[in-house]
Amino acid sequence: MTTRDAAQTGAARRMPTLGQAIMVASLATALVAAGIVWPRSTLSASFIGIQMGFVASALWRAALVIASLRPTPSSPKPSRWPRYTILAALHDEAAVVPQLIQRLSKIDYPRRQLEGFLVLEAHDQATINAAKAARRPSWLRILVVPPGAPQTKPRALNHALAFATGELLTIYDAEDEPDPGQLREAASRFADQPQLGCLQAPLRIRRRNAELSTFLDRQFAFEYAALFEVNLPGMAKLNLPFPLGGTSNHLRTAALRRVGGWDAYNVTEDADLGFKLWSAGWRLGVLESPTWEAPPGALERWLPQRTRWLKGYMQTWGVHTRAPRALGQRGQLSLAMTLGAAIVSAASHAPTLAWLIAALMVALNIGMAPVVPLASFAVLAVGVIAAWMGCAVGAKRAGQDYRLTDMLAAPAYWSLLSLAFIHALWRLIVAPYAWDKTAHDAEIDAECTSVMTVDAGREAA
């Protein structure tokens, strides 16, 4: 795919296509006209439509829980271990470079078949110096990305892709701690299932030397558990595409190159890539070997990260609704129930909670029972219970303790998503390609940052 093609089909194109413009204009005109001619009926129909959306979302979550129960058959060890490329794109990560190298050094894969690149930005001298100062395995090299725009993670990854010689490729983030056997599991699955283009490892949240005690840390961990332990496995079992995580996705390098690599202008290039691979005829799956990550931390770190994710979801939605036929019916369903539902729910959580609180306060103030339609309350309850169920099942699989207090606190966390939605919408307008970076802190002890004695990859076949 050429740069010009990417500009027309990817997130670099900011204007809607003619088809998208006609669709939006037609829907808006029809809604306004109906509201003028039949105001009460239009309001009632809109309200019923919203309720049906909540019910559909709850049924979707329940279906994914059930589908995720289906066991994944094990794959035999391949006759030979294919060459594997590891990419880690880092920016302003001098503090965690030694930690990442130490963790990557534990990967159990034949050393002769392993190559890795620390992909660093040319202006980021602190991280470059830290990477050069750390003792690295012989297979792990430093690759500096030349200056250019946009300055995003996918642009850096695309630069590194040109140097990759592996048949398979995976990416890790600065704070990651992958299971040492993850590459072997992925290589076995790829050899056993030629139609697979990508495998996503589950991302699990933990603090290395402390419990997840804060409100944001715990809710973030359960949100990840529901996504990576329930939703994505369920979608994989149903043979549906899904948005990939930003790390620990394992790819066939040929398939990645065939779809043009990552979209350098999309700030959730991972979500976009999952649907691009599906549109090109590849299938997606999940692994069992996890990657551990630390939670983002306080609100000042959580909010920019979530803002970037939602902004990228909006970009990806715009990109893949330009030519929805490429996704097929299953892909369109998945796009709507993942990215579409995430955007709509983020926008509606806080207003819905505010409506409930306002109804209760007004009723208490005038000494009357709150007037909340029974059907609306039932629909809302079904949605909340479905969300709790996903978190509970996911937390159990991830080895986390999901408590009653976590369930009761969840609506407050969901309401924060509405704040992130507002930020994301504004950022999409004024700075669509700006990368709102998440800061990371080193977690390992000082003794672990010293000289590395482990050279990753065992010679055993």
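Attention here is on the structure that accompanies the text. Quick caveat, the model's predicted, so the values are computed rather than measured. (Residues numbered from 1 in each chain as written. Predicted model: local features only at pLDDT ≥ 70, side-chain atom pairs only at ≥ 80, totals over all residues. Heavy atoms only, no water.)

1. A short note on the overall build of the protein
- Each helix and strand counted, the protein has 14 helices and 10 strands in total.
- Here the C-alpha atoms of the protein give a radius of gyration of 23 Å, agreeing with the 23 Å that 2.2 N^0.38 yields for 461 residues.
- Looking at the protein as a whole, 49% of its 461 residues are labelled buried.
- Put simply, 84% of the contacts in the protein that link residues at least 6 apart link residues at least 24 apart.
- Total accessible area on the protein is roughly 21500 Å²; 64% of this is exposed by carbon and sulfur atoms.
- If you average the places of the 45 positive and of the 35 negative side-chain charges in the protein, the two averages end up 7 Å apart. (Helix = DSSP H or I, 4+ residues; strand = E, 2+ residues; numbered from the N terminus. Rg over C-alpha atoms; globule rule 2.2 N^0.38 Å. Buried < 20%, exposed > 50% of the residue type's maximum accessible area, 1.4 Å probe, protein only. Contact = heavy atoms within 4.5 Å. Areas by Shrake-Rupley, 256 points an atom, 1.4 Å probe, with all protein chains shown as cover. Lys, Arg positive; Asp, Glu negative; His and termini not counted. Charge placed at Lys NZ, Arg CZ, Asp CG, Glu CD.)

2. Some words on unusual backbone geometry
- In this chain, Ala-149 is followed by Pro-150 through a cis amide linkage whose omega measures -5°.
- By the element assignment, Pro-150 lies in the loop between strand 3 (140–145) and helix 6 (153–161).
- In the Ramachandran plot, Asn-239 falls in the positive-phi region, its phi being about 55° despite a non-glycine side chain.
- Given the relative accessible area of 34%, Asn-239 is considered partly exposed.
- Positioned with a positive phi, Ser-248 is a non-glycine residue whose angle comes to about 60°.
- Inspection of the secondary structure assignment puts Ser-248 in the loop between helix 8 (215–237) and strand 8 (249–252).

3. Examining the packing of helix 2 (residues 18–37) against helix 3 (residues 39–68)
- As a packed pair, helix 2 and helix 3 sit with axes 5 Å apart at the nearest point and diverge in direction by 130°. Our classification of the angle between helix 2 and helix 3 gives oblique. Every residue of helix 3 that contacts helix 2 at Leu-31, Ala-34, Gly-35, Ile-36 and Val-37 is listed here: Pro-39, Thr-42 and Ser-46.
- Taken together, the residues of the contact of helix 2 with helix 3 sort by class into five nonpolar, three polar and no charged. (Axes fitted to C-alpha atoms, helices over the stretch in contact; angles between N-to-C directions. Parallel < 35°, antiparallel > 145°, perpendicular 65-115°, else oblique. Nonpolar A, V, L, I, M, F, W, Y, C, P; charged D, E, K, R; others polar.)

4. Remarks on the sheet that holds strand 8
- Taking strand neighbours across the sheet as the criterion, the seven strands line up as 3-2-1-4-8-6-9 in an open arrangement whose pairing is mixed. Single-partner strands in this sheet number two, and they are strand 3 and strand 9 (283–286). Sheet twist, expressed as the mean angle between neighbouring strand axes with direction ignored, is 25°.
- Where strand 4 (residues 168–171) and strand 8 come together, three bridges link them in antiparallel fashion. (Pairing = 2+ DSSP bridges.)

5. Overview of the pairing of strand 6 (residues 196–200)
- Counting buried positions along strand 6 yields five of five residues, so the element is predominantly enclosed.
- With four bridges connecting them, strand 6 and strand 9 associate as parallel partners. Looking at strand 9, one finds that Leu-199 is bridged to Gly-285.
- With three bridges joining them, strand 6 and strand 8 adopt antiparallel strand pairing. The residue bridging Leu-199 from the neighbouring strand is His-250, located in strand 8.

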